[in-house]
Amino acid sequence: DPGKGLTPAYNSAYYGVSFRGKEVVPHGYALKNLEEPFANKSQTNRKYLAFAERAERDSYRAAARMLQSCREAETIHAHSHLRAMQGVGSTEEDLREGGE
C-alpha cells in the first residue's frame, strides 16, 4: 500500500477521494477503478438471471433459487459501485440520462 503511513490528506489525494461530511466522493484514479468492477457486477448479474431462468425451465428449482440469490447479491454490489461513482442523481437527472 503506497499510501500507508502518510497523512490523511495525502492518502485522500493519492487514492482520488474527497470527503463531504461522512460521504466519500471518488474522483480521478478512484473513480476509474470503480468503473470496471461496476461493469463486471452488472454483467454477472445478467448471467445469473439467465442461468436462473434456465434452471427454472429445466425444473431445477433449488438451483434457480440459489442462482437468483447470487444475482441479487451482484445487484447489491453493482448498486454500491454506482452510488460510489455518484451515478445516481435526482429522479429528474436519472430520467434525462436514461433517455439519452
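Residues numbered from 1 in each chain as written. Predicted model: local features only at pLDDT ≥ 70, side-chain atom pairs only at ≥ 80, totals over all residues. Heavy atoms only, no water.

1. Remarks on the overall build of the protein
Moving on, step 1. When helices and strands are tallied, the protein shows four helices and two strands.
Moving on, step 2. Along the chain direction, N to C, the helices and strands of the protein fall in the order α-β-β-α-α-α.
Moving on, step 3. Within the protein, buried positions represent 19% of all 100 residues.
Moving on, step 4. Surface accessibility of the protein: about 7,500 Å² in total, with carbon and sulfur atoms responsible for 56%. (Helix = DSSP H or I, 4+ residues; strand = E, 2+ residues; numbered from the N terminus. Buried < 20%, exposed > 50% of the residue type's maximum accessible area, 1.4 Å probe, protein only. Areas by Shrake-Rupley, 256 points an atom, 1.4 Å probe, with all protein chains shown as cover.)

2. Here's the deal with helix α3 (residues 61–84)
Moving on, step 1. The end-to-end C-alpha distance of α3, which contains 24 residues, comes to 35 Å, matching closely the 34 Å that a straight helix rising 1.5 Å per residue would cover.
Moving on, step 2. Buried within α3 are the following residues: Ala 64, Leu 67, Arg 71, Glu 74, Thr 75, Ala 78 and His 81.
Moving on, step 3. Gln 86 lies just past α3 and shows a positive phi near 60°. (Expected span 1.5 Å × (residues − 1).)

3. What to know about unusual backbone geometry
Moving on, step 1. With phi around 65°, Ser 59 is a residue other than glycine that occupies positive phi space.
Moving on, step 2. Its identity is not glycine, yet Gln 86 carries a phi of approximately 60°, on the positive side.
Moving on, step 3. For Gln 86, the location among the structural elements is in the loop between α3 and α4 (91–99).

4. A few points about the confidence of the model for the protein
Moving on, step 1. On average, residues of the protein carry a pLDDT of 77, and 69% of them reach 70 or more.
Moving on, step 2. Model confidence for the protein, summarised as mean pLDDT per element, is weakest for helix α1 (residues 8–15) at 42 and strongest for α3 at 91.
Moving on, step 3. Low pLDDT, under 50, characterises residues 1–19; the predicted model gives this stretch 26 contacts beyond four residues in sequence or across chains. (pLDDT = per-residue confidence, 0-100. Contact = heavy atoms within 4.5 Å.)

5. Digging into the pattern of salt bridges
Moving on, step 1. Scanning the entire structure with this criterion turns up three salt bridges.
Moving on, step 2. Residue Glu 74 is joined to Lys 41 by a salt bridge in which the shortest nitrogen-to-oxygen separation is 3.4 Å. Placement of Glu 74 in helix α3 and of Lys 41 in helix α2 (residues 28–57) is noted, with a sequence separation of 33 residues between them.
Moving on, step 3. Residue Glu 74 is classed as buried on the basis of its relative accessible area, which comes to 13%.
Moving on, step 4. Note on Lys 41: relative accessible area 24%, which makes it partly exposed.
Moving on, step 5. Taking the shortest distance from any N to any O, the salt bridge between Arg 54 and Asp 58 comes out at 2.9 Å.
Moving on, step 6. For Arg 54, a relative accessible area of 47% puts it in the partly exposed group. (Salt bridge = Lys/Arg side-chain N within 4 Å of Asp/Glu carboxyl O.)

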